[in-house]
Amino acid sequence: NHIMYDTVRTAREIAYNTLIIPAGFTYNVTLADGTEVTLNAGSRLKYPEEFVGDLREVELSGEAYFEVRHGEVPFVVRANDAEIKVYGTKFNVRAYTEKRVAAVLVEGSIGVEYRGCNVMMRPNELCRVDNINGDISTERVDVSKYIAWTEGMFMFERDRLQDIVSELSRWYG
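Residues numbered from 1 in each chain as written. Predicted model: local features only at pLDDT ≥ 70, side-chain atom pairs only at ≥ 80, totals over all residues. Heavy atoms only, no water.

**A short note on the side chain of Thr-89**
Positionally, Thr-89 belongs in the loop between strand S8 (82-86) and strand S9 (90-95). By relative accessible area, Thr-89 is classed as buried at 5%. Within the structure, Thr-89 has its side chain in polar contact with the backbone nitrogen of Ser-109 (distance 3.4 Å). (Helix = DSSP H or I, 4+ residues; strand = E, 2+ residues; numbered from the N terminus. Buried < 20%, exposed > 50% of the residue type's maximum accessible area, 1.4 Å probe, protein only. Polar contact = N/O pair within 3.5 Å; in protein donor to acceptor, adjacent residues only side chain to side chain.)

**Some remarks on the side chain of Glu-63**
Within the secondary structure, Glu-63 sits in strand S6 (residues 56-67). A polar contact is formed between the side chain of Glu-63 and the side chain of Arg-94, at a distance of 2.8 Å. Within the structure, the side chain of Glu-63 is placed 3.1 Å from the side chain of Trp-149, a separation counted as a polar contact. For Glu-63, the residues in contact, after removing those within four places along its chain, are Thr-38, Leu-39, Asn-40, Ser-43, Asn-92, Val-93, Arg-94, Tyr-96, Tyr-146 and Trp-149. (Contact = heavy atoms within 4.5 Å.)

**Quick notes on the nonpolar core**
Within the largest apolar cluster, 32 residues are counted, with the highest numbers of intra-cluster contacts made by Leu-45, Val-58, Phe-66, Phe-75, Ile-84 and Phe-91. Counting residues per element, this core draws most heavily on S6, at four residues. Other than its neighbours up to four places away in sequence, Ile-84 contacts Phe-75, Val-76, Val-77, Phe-91, Val-93, Ala-103, Ile-110, Gly-111 and Val-112. Counting residues in each nonpolar core, the second largest holds five residues, with Ala-102, Val-104, Leu-126 and Val-143 among its members. (Core = buried A, V, L, I, M, F, W, Y, C linked by side-chain atoms within 4.5 Å.)

**What to know about unusual backbone geometry**
Non-glycine residue Arg-115 carries a positive phi angle of around 50°. Within the element layout of this structure, Arg-115 appears in the loop between strand S11 (110-114) and strand S12 (117-121). Residue class for Arg-115 comes out exposed when judged on its relative accessible area of 58%. Positive phi values are uncommon outside glycine, yet Arg-158 reaches one of about 55°. Within the secondary structure layout, Arg-158 lies in the loop between helix H1 (144-147) and helix H2 (161-172). The class for Arg-158 is exposed, based on a relative accessible area of 82%.

**Digging into the state of the cysteines**
Throughout the structure, instances matching the rule amount to zero disulfides. Cys-117 carries a free sulfur, and the closest cysteine sulfur to it, the one in Cys-127, is 8.3 Å from it. (Disulfide = S-S within 2.5 Å.)

**With respect to the pairing of S12**
Here S11 runs beside S12; their pairing, made up of five bridges, is antiparallel. Following the sheet pairing, Tyr-114 is matched in S12 by Cys-117. Where S11 folds back on S12, the antiparallel hairpin that results is connected by two residues, among which Arg-115 adopts a positive phi of roughly 50°. (Pairing = 2+ DSSP bridges.)

**Considering the pairing of strand S5 (residues 44-48)**
Here strand S2 (residues 15-20) runs beside S5; their pairing, made up of five bridges, is antiparallel. Its bridge partner being in S5, Tyr-16 is matched across the sheet by Pro-48. Two strands pair when backbone bridges link them, and S5 and S6 are joined in this way by three bridges, in the antiparallel orientation. Within the sheet, the bridge partner assigned to Arg-44 lies in S6 and is Ser-61.

Next up, the structure:
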């Protein structure tokens, strides 16, 4: 079980890195703009070695906690078909399957865009995107449950046994 690190260059000569995190590990990475990302087990993050142009963009599969550095250029996280636009903030994104994306805002402001619908989030809100039926919804939550993994803990409350087993399986392989 090793963290995989790959670099790909495009025709524009922008080098992209891909981090792949195996079961049982988390990994911290600081992006070129100073944004700090903590990746959970079973996650993949694709990001450029340096941000150029009018957009700072990364692609996520799995789960990551972001502390985005404020900048003139917008920061975007692509997860499945959803696009999360960031305005300098702390938030968690979960997109382990192609069926659902969940974003939890800890601090600051983000907008979640999906199939032409844009939802602006406030701190302590959870936004769910359902790729199966096309729904997007928000609710107030206790964010500590959603970011406990960044401190090496599991926190379950009124969760289905199937979801708990899935979470433990992802961590312990």
